[in-house]
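# Descriptive analysis of the structure
Now for the letters of each chain:
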Amino acid sequence: MVPYFPQPEVHLFGPVTAHGFGALVALAVTVGWMMTVARCRRKGLDPELCQDLLLYVVLAGFVAAHLYSVLAYFPRQAIANPLLLLKIWENISSFGGFLGGLLGVWLFFSFQAREVDAATRLRYLDVIAFVFPFAWVIGRLACTVAHDHPGTVTSFPLGVSLGSPEARAYITSFYREAGRLAELPPPAELAKLAFHDLGWYEFLYTLAVMVPAFLALDRKPRPPVFFLVLFPLLYVPARFLLDFLRLGDARYYGLTPGQYAGLAAFLAAALLAVRGARRKGGG
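Residues numbered from 1 in each chain as written. Predicted model: local features only at pLDDT ≥ 70, side-chain atom pairs only at ≥ 80, totals over all residues. Heavy atoms only, no water.

## Some points on the overall build of the protein
- Scanning the protein for helices and strands turns up ten helices and five strands.
- Seen through its principal axes, the protein has C-alpha atoms that stretch 65 × 50 × 35 Å.
- The buried share of the protein, reckoned over its 283 residues, is 42%.
- Summarising the internal contacts of the protein: among those between residues at least 6 apart in sequence, 72% fall at separations of at least 24.
- On the protein, the mean spot of the 24 positive side-chain charges and the mean spot of the 18 negative ones are 9 Å from each other. (Helix = DSSP H or I, 4+ residues; strand = E, 2+ residues; numbered from the N terminus. Buried < 20%, exposed > 50% of the residue type's maximum accessible area, 1.4 Å probe, protein only. Contact = heavy atoms within 4.5 Å. Lys, Arg positive; Asp, Glu negative; His and termini not counted. Charge placed at Lys NZ, Arg CZ, Asp CG, Glu CD.)

## Some remarks on the nonpolar core
- Formed by 17 residues in total, the largest nonpolar core has its most connected members in Leu49, Leu53, Phe109 and Tyr124.
- Put simply, the parts of the chain that give this core at least two residues each are α1 (20-42), α2 (47-73), α4 (94-112) and α5 (118-146).
- Take this core: its biggest share by element is five residues, from α2.
- Apart from the residues lying within four places of it in its own chain, the contact partners of phenylalanine 109 are Leu49, Leu53, Arg114, Val116, Arg121 and Tyr124. (Core = buried A, V, L, I, M, F, W, Y, C linked by side-chain atoms within 4.5 Å.)

## A few points about α1
- Between the first and last C-alpha of α1 there are 33 Å, a value that for 23 residues agrees with the 33 Å anticipated at 1.5 Å per step.
- Of all the positions in α1, only Gly20, Leu24, Val25, Ala28, Gly32, Thr36, Val37, Arg39 and Cys40 are classed as buried.
- Along its buried surface, α1 packs onto β2 (16-19), α2, α5 and α9 (226-242). (Expected span 1.5 Å × (residues − 1).)

## With respect to the packing of α4 against α9
- Contact pair α4 / α9: the axes reach a minimum separation of 13 Å and the direction vectors enclose 165°. As judged from the angle between their axes, α4 and α9 are roughly antiparallel. For α4 against α9, the interelement crossing comes out left-handed. Between α4 and α9, the contacting residues are Ser94, Phe95, Phe98 and Leu102 on the first element and Leu228, Phe231, Tyr235, Val236 and Arg239 on the second.
- Looking at the contact of α4 with α9 residue by residue, the class counts come to seven nonpolar, one polar and one charged. (Axes fitted to C-alpha atoms, helices over the stretch in contact; angles between N-to-C directions. Parallel < 35°, antiparallel > 145°, perpendicular 65-115°, else oblique. Left-handed = near helix turned anticlockwise from the far one by under 90°. Nonpolar A, V, L, I, M, F, W, Y, C, P; charged D, E, K, R; others polar.)

## Digging into the pairing of strand β1 (residues 9-13)
- Burial analysis of β1 places just zero of its five residues in the buried class, which makes it a mostly uncovered element.
- Taken together, the four bridges between β1 and β2 define a ladder with antiparallel strand orientation. Following the sheet pairing, valine 10 is matched in β2 by alanine 18.
- Taking the residues that link successive antiparallel strands as the turn, the β1-β2 hairpin has two residues, and the phi of glycine 14 there is positive, at about 50°. (Pairing = 2+ DSSP bridges.)

## Here we look at the sheet that holds strand β5 (residues 194-197)
- With antiparallel pairing, three strands are arranged side by side in an open sheet as β3-β5-β4. Taken across any chain shown, the strands that pair with only one partner, and hence form the sheet edges, are β3 (150-154) and β4 (160-161).
- One ladder, built from three bridges, connects β3 with β5; its direction is antiparallel. Paired with threonine 154 across the bridge in β5 is alanine 194.

## Considerations on the side chain of threonine 36
- When you line up the elements, threonine 36 lands in helix α1.
- Reaching out from threonine 36, the side chain makes a polar contact with the backbone oxygen of glycine 32 at a distance of 2.7 Å.
- Among residues more than four places away in sequence, those in contact with threonine 36 are Cys50, Leu54, Val127, Ile128 and Val131. (Polar contact = N/O pair within 3.5 Å; in protein donor to acceptor, adjacent residues only side chain to side chain.)

## What to know about the layout of surface pockets
- Roughly 650 Å³ of volume is contained in the second largest pocket.
- Lining the second largest pocket are 21 residues; nearest its centre among them are Pro223, Pro224, Val225, Leu272 and Gly276.
- For the lining of the second largest pocket, the secondary structure elements donating two or more residues are α5, α9 and α10 (257-282).
- In terms of residues, the lining of the second largest pocket owes the most to one element, α10, which gives seven residues.
- For the lining of the second largest pocket, a count of residues per class yields 15 nonpolar, one polar and five charged. (1 Å grid on protein atoms, 1.4 Å probe; cavity = no way out; pocket = protein on both sides within 12 Å on 5 of 7 lines; lining within 4 Å. Points joined across faces, edges and corners; volume = space filled by probe spheres on them.)

## A look at the side chain of histidine 196
- The topology assignment puts histidine 196 in strand β5.
- The exposure class assigned to histidine 196 is buried, which follows from its relative accessible area of 10%.
- Residue contacts for histidine 196: discarding those within four places in its chain leaves His149, Pro150, Gly151, Thr152, Thr154, Phe156, Tyr201 and Leu245.

The following block contains the structure:
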(Lines give C-alpha, C1' and ligand atoms only; values in the text may rest on other atoms or scores of the structure.)
Protein backbone atom coordinates (compact mmCIF):
# COMPACT_ATOMS: atom_id res chain seq x y z
CA MET A 1 0.00 0.00 0.00
CA VAL A 2 1.04 3.62 -0.50
CA PRO A 3 2.54 5.09 2.70
CA TYR A 4 0.74 8.00 4.36
CA PHE A 5 2.60 11.26 4.82
CA PRO A 6 1.35 14.62 6.11
CA GLN A 7 1.16 17.54 3.71
CA PRO A 8 4.58 19.24 3.39
CA GLU A 9 4.71 22.80 4.65
CA VAL A 10 7.37 25.46 5.17
CA HIS A 11 6.99 28.36 7.58
CA LEU A 12 8.05 31.56 5.83
CA PHE A 13 7.47 34.43 8.24
CA GLY A 14 4.93 35.55 10.82
CA PRO A 15 1.58 33.89 10.11
CA VAL A 16 2.59 32.90 6.56
CA THR A 17 3.18 29.21 5.86
CA ALA A 18 3.66 27.69 2.40
CA HIS A 19 1.83 24.39 1.95
CA GLY A 20 2.53 21.71 -0.62
CA PHE A 21 -0.97 22.03 -2.04
CA GLY A 22 -0.67 25.75 -2.75
CA ALA A 23 2.81 25.43 -4.22
CA LEU A 24 1.73 22.68 -6.62
CA VAL A 25 -1.42 24.54 -7.67
CA ALA A 26 0.73 27.58 -8.46
CA LEU A 27 3.06 25.32 -10.45
CA ALA A 28 0.08 23.85 -12.35
CA VAL A 29 -1.15 27.33 -13.31
CA THR A 30 2.35 28.39 -14.38
CA VAL A 31 2.99 25.28 -16.48
CA GLY A 32 -0.46 25.46 -18.06
CA TRP A 33 -0.03 29.16 -18.84
CA MET A 34 3.39 28.71 -20.46
CA MET A 35 2.33 25.67 -22.48
CA THR A 36 -0.81 27.42 -23.74
CA VAL A 37 1.07 30.51 -24.89
CA ALA A 38 3.72 28.36 -26.60
CA ARG A 39 1.06 26.29 -28.36
CA CYS A 40 -0.75 29.43 -29.50
CA ARG A 41 2.47 30.56 -31.18
CA ARG A 42 2.87 27.18 -32.91
CA LYS A 43 -0.73 27.32 -34.10
CA GLY A 44 -0.32 30.82 -35.54
CA LEU A 45 -2.47 32.48 -32.88
CA ASP A 46 -1.69 35.77 -31.16
CA PRO A 47 0.30 34.99 -27.97
CA GLU A 48 -0.52 38.37 -26.38
CA LEU A 49 -4.24 37.88 -26.91
CA CYS A 50 -3.79 34.36 -25.54
CA GLN A 51 -2.28 35.70 -22.31
CA ASP A 52 -5.14 38.17 -21.87
CA LEU A 53 -7.59 35.34 -22.44
CA LEU A 54 -5.83 33.16 -19.89
CA LEU A 55 -6.17 35.86 -17.25
CA TYR A 56 -9.95 35.77 -17.66
CA VAL A 57 -9.98 31.97 -17.68
CA VAL A 58 -7.89 31.57 -14.51
CA LEU A 59 -9.67 34.24 -12.48
CA ALA A 60 -13.17 33.15 -13.49
CA GLY A 61 -12.20 29.52 -13.01
CA PHE A 62 -11.01 29.96 -9.43
CA VAL A 63 -13.98 32.12 -8.42
CA ALA A 64 -16.53 29.74 -9.93
CA ALA A 65 -14.72 26.71 -8.48
CA HIS A 66 -15.14 28.16 -5.00
CA LEU A 67 -18.73 29.36 -5.40
CA TYR A 68 -19.87 26.04 -6.87
CA SER A 69 -18.17 24.10 -4.09
CA VAL A 70 -19.71 26.15 -1.28
CA LEU A 71 -23.22 26.34 -2.77
CA ALA A 72 -23.41 22.72 -3.97
CA TYR A 73 -21.57 20.92 -1.18
CA PHE A 74 -22.04 23.19 1.84
CA PRO A 75 -25.33 25.09 1.32
CA ARG A 76 -26.25 25.12 5.01
CA GLN A 77 -22.90 26.55 6.03
CA ALA A 78 -23.20 29.22 3.32
CA ILE A 79 -26.64 30.24 4.58
CA ALA A 80 -25.40 30.36 8.16
CA ASN A 81 -22.24 32.26 7.22
CA PRO A 82 -22.43 34.02 3.80
CA LEU A 83 -18.85 35.23 4.25
CA LEU A 84 -17.76 31.74 3.20
CA LEU A 85 -18.57 32.81 -0.36
CA LEU A 86 -15.79 35.39 -0.21
CA LYS A 87 -13.05 32.95 0.88
CA ILE A 88 -12.11 31.92 -2.65
CA TRP A 89 -8.89 30.25 -1.44
CA GLU A 90 -10.97 27.58 0.34
CA ASN A 91 -13.26 24.80 -0.93
CA ILE A 92 -12.79 24.55 -4.67
CA SER A 93 -14.65 22.25 -7.05
CA SER A 94 -13.29 20.78 -10.28
CA PHE A 95 -16.49 21.12 -12.26
CA GLY A 96 -17.06 24.62 -10.92
CA GLY A 97 -13.61 25.48 -12.22
CA PHE A 98 -14.38 24.00 -15.64
CA LEU A 99 -17.58 26.01 -15.88
CA GLY A 100 -15.83 29.16 -14.67
CA GLY A 101 -13.08 28.74 -17.25
CA LEU A 102 -15.64 28.54 -20.05
CA LEU A 103 -17.38 31.59 -18.60
CA GLY A 104 -14.04 33.42 -18.66
CA VAL A 105 -13.64 32.58 -22.36
CA TRP A 106 -17.13 33.90 -23.09
CA LEU A 107 -16.54 37.11 -21.10
CA PHE A 108 -13.22 37.76 -22.81
CA PHE A 109 -14.51 37.40 -26.35
CA SER A 110 -17.78 39.19 -25.55
CA PHE A 111 -16.19 42.30 -24.03
CA GLN A 112 -12.43 42.33 -24.59
CA ALA A 113 -11.95 40.81 -28.06
CA ARG A 114 -15.23 41.15 -29.94
CA GLU A 115 -13.43 41.45 -33.28
CA VAL A 116 -12.20 37.83 -33.18
CA ASP A 117 -14.37 35.62 -35.40
CA ALA A 118 -16.11 32.49 -34.13
CA ALA A 119 -13.79 30.02 -35.85
CA THR A 120 -10.68 31.64 -34.35
CA ARG A 121 -12.27 31.71 -30.90
CA LEU A 122 -12.74 27.96 -31.08
CA ARG A 123 -9.07 27.54 -31.99
CA TYR A 124 -8.00 29.42 -28.85
CA LEU A 125 -10.42 27.36 -26.77
CA ASP A 126 -9.10 24.10 -28.15
CA VAL A 127 -5.50 25.12 -27.39
CA ILE A 128 -6.48 25.61 -23.76
CA ALA A 129 -8.33 22.28 -23.75
CA PHE A 130 -5.29 20.44 -25.13
CA VAL A 131 -2.96 21.83 -22.47
CA PHE A 132 -5.39 21.28 -19.61
CA PRO A 133 -4.51 17.64 -18.75
CA PHE A 134 -0.83 18.57 -18.40
CA ALA A 135 -1.69 21.23 -15.82
CA TRP A 136 -4.44 19.07 -14.33
CA VAL A 137 -2.04 16.25 -13.50
CA ILE A 138 0.02 18.67 -11.37
CA GLY A 139 -3.14 19.96 -9.73
CA ARG A 140 -4.18 16.43 -8.83
CA LEU A 141 -0.72 15.85 -7.40
CA ALA A 142 -1.49 18.82 -5.15
CA CYS A 143 -4.66 17.04 -3.99
CA THR A 144 -2.57 13.93 -3.41
CA VAL A 145 -0.08 15.56 -1.06
CA ALA A 146 -2.93 17.25 0.84
CA HIS A 147 -5.08 14.06 0.98
CA ASP A 148 -8.06 16.38 0.60
CA HIS A 149 -10.32 13.86 -1.17
CA PRO A 150 -10.36 10.87 1.19
CA GLY A 151 -12.60 7.94 0.42
CA THR A 152 -13.72 4.88 2.30
CA VAL A 153 -11.50 2.35 4.03
CA THR A 154 -10.20 -0.39 1.74
CA SER A 155 -7.68 -3.18 1.22
CA PHE A 156 -6.97 -1.97 -2.35
CA PRO A 157 -3.20 -2.07 -2.99
CA LEU A 158 -3.12 1.51 -4.33
CA GLY A 159 -4.91 2.87 -1.27
CA VAL A 160 -3.05 4.98 1.29
CA SER A 161 -1.90 2.88 4.24
CA LEU A 162 -3.49 3.34 7.66
CA GLY A 163 -0.52 1.76 9.37
CA SER A 164 0.56 4.99 11.08
CA PRO A 165 -1.32 6.64 13.97
CA GLU A 166 -1.42 9.92 11.97
CA ALA A 167 -3.17 8.22 9.05
CA ARG A 168 -5.72 6.53 11.32
CA ALA A 169 -6.44 9.79 13.14
CA TYR A 170 -6.86 11.55 9.80
CA ILE A 171 -9.36 9.11 8.31
CA THR A 172 -11.20 8.75 11.62
CA SER A 173 -11.83 12.50 11.65
CA PHE A 174 -13.51 12.30 8.24
CA TYR A 175 -15.65 9.34 9.26
CA ARG A 176 -16.67 11.26 12.36
CA GLU A 177 -17.65 14.36 10.36
CA ALA A 178 -19.66 12.18 7.99
CA GLY A 179 -21.49 10.53 10.88
CA ARG A 180 -20.14 7.13 9.85
CA LEU A 181 -17.73 6.42 12.70
CA ALA A 182 -19.52 3.16 13.55
CA GLU A 183 -18.48 1.78 10.14
CA LEU A 184 -14.77 1.75 11.01
CA PRO A 185 -13.27 -1.56 12.11
CA PRO A 186 -11.40 -1.90 15.46
CA PRO A 187 -8.01 -0.10 15.65
CA ALA A 188 -5.95 -3.28 15.27
CA GLU A 189 -7.80 -4.24 12.09
CA LEU A 190 -7.88 -0.66 10.80
CA ALA A 191 -4.08 -0.49 10.99
CA LYS A 192 -3.86 -3.27 8.40
CA LEU A 193 -6.06 -1.42 5.90
CA ALA A 194 -5.85 1.70 3.72
CA PHE A 195 -8.17 4.43 2.51
CA HIS A 196 -9.08 5.43 -1.02
CA ASP A 197 -7.29 8.69 -1.82
CA LEU A 198 -9.32 10.00 -4.75
CA GLY A 199 -6.90 12.80 -5.63
CA TRP A 200 -4.15 10.18 -5.89
CA TYR A 201 -6.31 7.97 -8.12
CA GLU A 202 -7.14 10.89 -10.42
CA PHE A 203 -3.46 11.81 -10.61
CA LEU A 204 -2.62 8.26 -11.70
CA TYR A 205 -5.46 8.15 -14.23
CA THR A 206 -4.55 11.51 -15.73
CA LEU A 207 -0.87 10.61 -15.94
CA ALA A 208 -1.32 7.09 -17.30
CA VAL A 209 -4.36 7.54 -19.57
CA MET A 210 -5.27 11.12 -20.41
CA VAL A 211 -1.85 12.67 -20.99
CA PRO A 212 -0.66 9.82 -23.29
CA ALA A 213 -3.99 9.90 -25.17
CA PHE A 214 -3.72 13.64 -25.80
CA LEU A 215 -0.11 13.32 -26.96
CA ALA A 216 -0.92 10.42 -29.30
CA LEU A 217 -3.97 12.13 -30.81
CA ASP A 218 -2.06 15.37 -31.34
CA ARG A 219 0.23 13.75 -33.89
CA LYS A 220 -1.98 14.86 -36.75
CA PRO A 221 -4.20 17.92 -37.31
CA ARG A 222 -7.54 17.85 -35.53
CA PRO A 223 -10.70 19.91 -36.07
CA PRO A 224 -11.52 22.78 -33.68
CA VAL A 225 -12.92 21.74 -30.26
CA PHE A 226 -11.56 18.19 -30.72
CA PHE A 227 -9.66 18.28 -27.43
CA LEU A 228 -12.42 20.25 -25.72
CA VAL A 229 -14.73 17.32 -26.45
CA LEU A 230 -12.12 14.67 -25.68
CA PHE A 231 -11.40 15.84 -22.15
CA PRO A 232 -14.87 15.22 -20.62
CA LEU A 233 -15.30 12.02 -22.63
CA LEU A 234 -12.15 10.61 -20.99
CA TYR A 235 -12.37 12.27 -17.58
CA VAL A 236 -16.02 12.05 -16.58
CA PRO A 237 -16.47 8.23 -16.54
CA ALA A 238 -13.53 7.78 -14.16
CA ARG A 239 -14.58 10.69 -11.97
CA PHE A 240 -18.21 9.50 -11.86
CA LEU A 241 -17.19 6.10 -10.51
CA LEU A 242 -14.69 7.51 -8.02
CA ASP A 243 -17.30 9.81 -6.50
CA PHE A 244 -19.15 6.79 -5.10
CA LEU A 245 -16.15 6.29 -2.78
CA ARG A 246 -16.28 9.81 -1.31
CA LEU A 247 -16.79 10.37 2.41
CA GLY A 248 -19.34 12.86 3.67
CA ASP A 249 -20.04 14.65 0.37
CA ALA A 250 -23.50 16.13 -0.07
CA ARG A 251 -25.67 13.78 -2.10
CA TYR A 252 -28.90 14.46 -3.92
CA TYR A 253 -30.89 11.34 -4.82
CA GLY A 254 -27.78 9.26 -4.28
CA LEU A 255 -25.36 11.26 -6.45
CA THR A 256 -22.86 14.00 -5.63
CA PRO A 257 -22.99 17.45 -7.28
CA GLY A 258 -19.84 16.43 -9.15
CA GLN A 259 -21.59 13.41 -10.62
CA TYR A 260 -24.51 15.50 -11.86
CA ALA A 261 -22.13 18.08 -13.34
CA GLY A 262 -20.10 15.30 -14.91
CA LEU A 263 -23.16 13.77 -16.54
CA ALA A 264 -24.10 17.15 -18.01
CA ALA A 265 -20.55 17.71 -19.31
CA PHE A 266 -20.36 14.21 -20.78
CA LEU A 267 -23.69 14.55 -22.59
CA ALA A 268 -22.72 17.98 -23.96
CA ALA A 269 -19.40 16.60 -25.22
CA ALA A 270 -21.09 13.55 -26.76
CA LEU A 271 -23.60 15.76 -28.56
CA LEU A 272 -20.80 17.94 -29.92
CA ALA A 273 -18.92 14.83 -31.07
CA VAL A 274 -21.99 13.46 -32.87
CA ARG A 275 -22.70 16.83 -34.42
CA GLY A 276 -19.12 17.11 -35.66
CA ALA A 277 -19.20 13.59 -37.08
CA ARG A 278 -22.42 14.34 -38.97
CA ARG A 279 -20.95 17.51 -40.43
CA LYS A 280 -17.84 15.64 -41.51
CA GLY A 281 -19.93 12.88 -43.04
CA GLY A 282 -22.16 15.40 -44.81
CA GLY A 283 -19.14 17.18 -46.17
